[in-house]
Amino acid sequence: MKKILLAAIAALCMAGAASAQDRGGWGIGPQIGVYTNTGADGAIFGIGAAARYGITDAWRVQPAVTFLCKKYCSVDISADVQYLFKVASFWTVYPQAGLSANDIGDWSCGINLGAGTDFAIARNWDLSAGFKWMVQTRKYAKNPIIINVGATYKF
């Protein structure tokens, strides 16, 4: 197990591409997520896409749409602002905050708070993982915790 972990870290180090979004740079890619704490529905799986735009070298905005796989058609639309901390040339971590609207039970708006990380795997490709807590405004709505994974192609 240690050898596999060490090999994975070495492979990430060799990628060597900068993970931070450049000012004015765009990125787009697929993402999947699991919505936990959603009430009687249990955990809900979602699949969607996210776009990224670098406002400055440290700030970026990420709008996303996720289609939720539950009994009836459901959607989550969100826009988050992220502040990037470059840990290494291939690794970035960020806190995020934003707004969302969804119809998990009935239409509701929410405030997103969370964190995430990006790993550069090639010159223009990042792998991302993160979580966010969605504080919903509708009365008696559950506040889901969203765990997501995705990839981003940077232009």
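Worth saying up front: this structure is predicted, and the values here are computed from it rather than measured. (Residues numbered from 1 in each chain as written. Predicted model: local features only at pLDDT ≥ 70, side-chain atom pairs only at ≥ 80, totals over all residues. Heavy atoms only, no water.)

## Regarding the overall build of the protein
Inference 1: Of the regular secondary structure elements, the protein holds one helix and nine strands.
Inference 2: Along the protein, helices and strands appear, N-terminal first, in the series α-β-β-β-β-β-β-β-β-β.
Inference 3: Classification of the 155 residues of the protein by burial places 40% in the buried group.
Inference 4: In the protein, the proportion of contacts linking residues at least 24 apart, taken out of those at least 6 apart, comes to 50%.
Inference 5: Accessible area for the protein stands at about 8700 Å²; split by element, carbon and sulfur atoms hold 71% of it. (Helix = DSSP H or I, 4+ residues; strand = E, 2+ residues; numbered from the N terminus. Buried < 20%, exposed > 50% of the residue type's maximum accessible area, 1.4 Å probe, protein only. Contact = heavy atoms within 4.5 Å. Areas by Shrake-Rupley, 256 points an atom, 1.4 Å probe, with all protein chains shown as cover.)

## Overview of the pairing of strand S7 (residues 108-120)
Inference 1: Note: strand S6 (residues 91-102) against S7, twelve bridges, orientation antiparallel. Each residue of the ladder has a partner; that of Trp 91, found in S7, is Phe 119.
Inference 2: Inspection of the sheet shows S7 paired to strand S8 (residues 125-136) by eleven bridges, in the antiparallel sense. Within S8, the residue paired with Leu 113 across the bridge is Trp 133.
Inference 3: If you look at the hairpin formed by S7 and S8, you'll find four residues sitting between the two strands. (Pairing = 2+ DSSP bridges.)

## Some points on the side chain of Asp 103
Inference 1: Checked against the element boundaries, Asp 103 lands in the loop between S6 and S7.
Inference 2: One polar contact links Asp 103 to Ser 74, side chain to side chain, over a distance of 2.8 Å.
Inference 3: A polar side-chain atom of Asp 103 sits 2.8 Å from the main-chain amide nitrogen of Val 75.
Inference 4: The contacts of Asp 103, once residues within four sequence positions are left out, are Lys 70, Cys 73, Ser 74 and Val 75. (Polar contact = N/O pair within 3.5 Å; in protein donor to acceptor, adjacent residues only side chain to side chain.)

## Quick look at the environment of Ala 115
Inference 1: One can find Ala 115 in strand S7.
Inference 2: Taking the C-alpha atoms as reference points, Ala 115 and Val 93, separated by 22 residues in sequence, lie 7.5 Å from one another.
Inference 3: Contacts of Ala 115, omitting those with residues within four sequence positions, involve Tyr 94, Pro 95, Gln 96, Gly 130 and Phe 131.

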